[in-house]
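Chain and residue survey
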Amino acid sequence: MENTSNNMDSLVINVQIDKRLNALSNKVLFPKKLERANAFIAKHGLPQEVKEDLAQYKSNVETLQKALLRCYVSEPTPEQLAQLNNFLIQLFPVELEKTRA
Amino acid sequence: MSFEQYDLKADDIFMSFEFVSEGPKGKIVKWIQYMPMGEEGIFNLAFGDKNFDTGEIDDTIVTDNKDREKVLATVVASVFTFTTYYPHAWVYIEGSTESRTRLYRMAISIYFEEMAPYFRIFGYLDKDWVTFKKEQNYTAFLIKRKS
């Protein structure tokens, strides 16, 4: 079977879930390649833009964790819930869309 | 431009993919896997033939099944899918051989017009990371979906 798509969005829709592949999820299929990749980054570093982007992402995750904790230990204010919602949308856009559907 | 590609199957967290190349050499099972790297937020793309003996990917083998562009389109589709579900992930791509790295460069170049609106793409060239441009001989790549 073959697919022909005219734009990148349609490529995503054509992917099918195959639970047989879940067995691969926790297995590194090519460990030597991963070692080489880590060695390359360790030796050559990352672009400044990537470093800043990763730092921003880590900061967002930490803020999300704090927001979740606030909601867990006390009655959250509407503002806190709105902030939590915004972070969730940023971090998990596809998962939220699927959940809402 | 049309993208003739193989049916792509994924695990339910969209980190491992499988498709079957069909050509003069028969049916060959291909695996693609996105593996978390030491640096949090970066995932290594591994792609190659399924080695039934070891259960690992052999990304050095050259199968020459006369379907190179269709295979490349399928790998690009996996990048698009993975980054849809992990929009904050940077994907690191480096071939295990020079020819495999050229193959990845070819893939990005062929689909550059379609990818550019969606992706930030860096290439490693002459001891520095630079914004990807066609016709440059990069040794590695970093790709991320644009916000």
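Since we're looking at a predicted model, the values are computed, not measured. (Residues numbered from 1 in each chain as written. Chains lettered and ligands numbered in written order. Predicted model: local features only at pLDDT ≥ 70, side-chain atom pairs only at ≥ 80, totals over all residues. Heavy atoms only, no water.)

We now examine the interface of chain A and chain B. Taken residue by residue, the interface counts 50 residues in chain A and 59 residues in chain B. For the pair chain A and chain B, the summed buried surface comes to about 5,100 Å²; carbon and sulfur atoms form 60% of the total. Linking chain A with chain B are 5 salt bridges, by the criterion used here. On inspection of chain A and its partner chain B, the count reaches 11 residue pairs in polar contact (both at pLDDT 80 or more). When contributions to the side of chain A that touches chain B are tallied by element, the ones reaching two or more residues are β1 (2–5), α1 (8–13), β2 (16–17), α2 (31–44), α3 (48–73), α4 (78–91) and α5 (93–100) of chain A. (Contact = heavy atoms within 4.5 Å. Buried area = accessible area lost by both parts, 1.4 Å probe. Salt bridge = Lys/Arg side-chain N within 4 Å of Asp/Glu carboxyl O. Polar contact = N/O pair within 3.5 Å; in protein donor to acceptor, adjacent residues only side chain to side chain. Helix = DSSP H or I, 4+ residues; strand = E, 2+ residues; numbered from the N terminus.)

All names here are of chain A. Across chain A, the average pLDDT comes to 77, with 77% of residues at or above 70. β1 is the least confidently modelled element of chain A, averaging 38 in pLDDT, while α2 averages 92, the highest of any element. Contacts for the low-pLDDT stretch residues 1–6, under 50 throughout, to residues beyond four places or in other chains number 24 contacts. (pLDDT = per-residue confidence, 0-100.)

For α2 of chain A, spanning 14 residues, the distance from its first C-alpha to its last is 20 Å, which sits close to the expected 20 Å at 1.5 Å a residue. Looking only at α2 of chain A, the buried set comprises K33, L34, A37, F40 and I41 of chain A. For α2 of chain A, the angular spread of the buried residues around the axis is 120 degrees, confining them to a single face. What points out from α2 of chain A, more than 90 degrees from its buried face, is the exposed set K32, E35, A42 and K43 of chain A. Along its buried surface, α2 of chain A packs onto β4 (26–36), β5 (42–50), β7 (90–93), β8 (119–125) and β9 (128–131) of chain B. Just past α2 of chain A, the residue G45 of chain A takes up positive phi, approximately 75 degrees. (Expected span 1.5 Å × (residues − 1). Buried < 20%, exposed > 50% of the residue type's maximum accessible area, 1.4 Å probe, protein only. Arc of directions from axis to C-beta.)

Let us now look at the packing of α3 of chain A against α4 of chain A. Residues and elements named next belong to chain A. It is the contact of α3 with α4, at a shortest axis distance of 10 Å, that shows an interaxial angle of 140 degrees. On the basis of the axis angle, α3 is oblique to α4. Our pair here, α3 against α4, has a crossing hand that is left-handed. Seen from α3, the contacting residues are Y57, N60, V61, T63, L64, A67, L68, R70 and C71; seen from α4, they are Q80, L81, Q83, L84, F87, L88, Q90 and L91. By residue class, the composition of the contact of α3 with α4 is 11 nonpolar, 5 polar and 1 charged. (Axes fitted to C-alpha atoms, helices over the stretch in contact; angles between N-to-C directions. Parallel < 35°, antiparallel > 145°, perpendicular 65-115°, else oblique. Left-handed = near helix turned anticlockwise from the far one by under 90°. Nonpolar A, V, L, I, M, F, W, Y, C, P; charged D, E, K, R; others polar.)

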